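# Overview (structure and organization)
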Amino acid sequence: PGKVHAKGTIAFQGDSPAIDLAAQWQNLQWPLHEAAVVHSATGEGTLRGAMPYDFTTTAQVDGPDLPHAQGSASGVVTKDQLTVSQYDLKVFDGAVSGSAQLQFAQPRAWKLTTRADDINPVELNSEFPGRIDVRAEAAGKGFDKRASFRLALTNLRGTLRNESVRARGNLQRDGKTWQ
């Protein structure tokens, strides 16, 4: 049922094509022909430049295991990595923003910074109504059982179940070792 409307140019010159594309979509999903893991009711995006390519996107997304979110992102795609210089989401009845990086080649190094404001945890677990703000940073290598990563929760504050909460901490995994 998906529809995509795209317009632009691709000029093949030098080492990489120069691209100037804009697209809008309705009812896209992944995978295309099976049960959707991710669905986007509406969205739009651009891809511009000669390698590296600048991109922007604004979309609504959801899925069976994903909350409904609406937001935007911008950044750069190179042969080696994806850099999201800024993302802004409306999700969990609040706002989440930050930046991210993903290396395409092994060991698939990644980084993520997040600032979440006025999040309603009841959307994650019905037993935890309230409002929280979170600041966190994470970095790692890989996404499988052998992945190593570090998560720094630099500040969590707010109210859960009518009780004031404040927390910070670190979680680290190296091989089979957890700290």
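Remember, predicted model here, so these are calculated numbers, not experimental data.

This part covers the pairing of strand S11 (residues 163–174). Inspection of the sheet shows strand S10 (residues 148–160) paired to S11 by 10 bridges, in the antiparallel sense. By the bridge assignment for S11, leucine 151 is matched with leucine 171. Between the antiparallel neighbours S10 and S11 lie two residues, among them arginine 161 with a positive phi of about 50 degrees. With two bridges joining them, S11 and strand S12 (residues 177–178) adopt antiparallel strand pairing. Bridge pairing links arginine 173 to tryptophan 178 in S12. Between S11 and S12, which follow one another and run antiparallel, lie two residues, and glycine 175 among them has a positive phi close to 60 degrees.

On to the pairing of S10. Of the pairings in the sheet, the one linking strand S9 (residues 130–141) to S10 comprises 12 bridges and is antiparallel in character. Bridging from a neighbouring strand, arginine 131 pairs with threonine 159 of S10. Between S9 and S10, which pair antiparallel and follow one another directly, the connecting turn spans six residues, one of which, glycine 142, has a positive phi of 90 degrees.

With that out of the way, let us pick up the sheet that holds S9. Sheet architecture is open: 12 strands sit in the order S1-S2-S3-S4-S5-S6-S7-S8-S9-S10-S11-S12, paired in antiparallel fashion. On the outer flanks of this sheet lie strand S1 (3–11) and S12, each paired with one strand and no other. With 12 bridges connecting them, strand S2 (residues 18–30) and strand S3 (residues 38–50) associate as antiparallel partners. Opposite tryptophan 30, over in S3, you have valine 38 as the bridge partner.

Conventions we followed
Residues numbered from 1 in each chain as written. Predicted model: local features only at pLDDT ≥ 70, side-chain atom pairs only at ≥ 80, totals over all residues. Heavy atoms only, no water. Pairing = 2+ DSSP bridges. Helix = DSSP H or I, 4+ residues; strand = E, 2+ residues; numbered from the N terminus.

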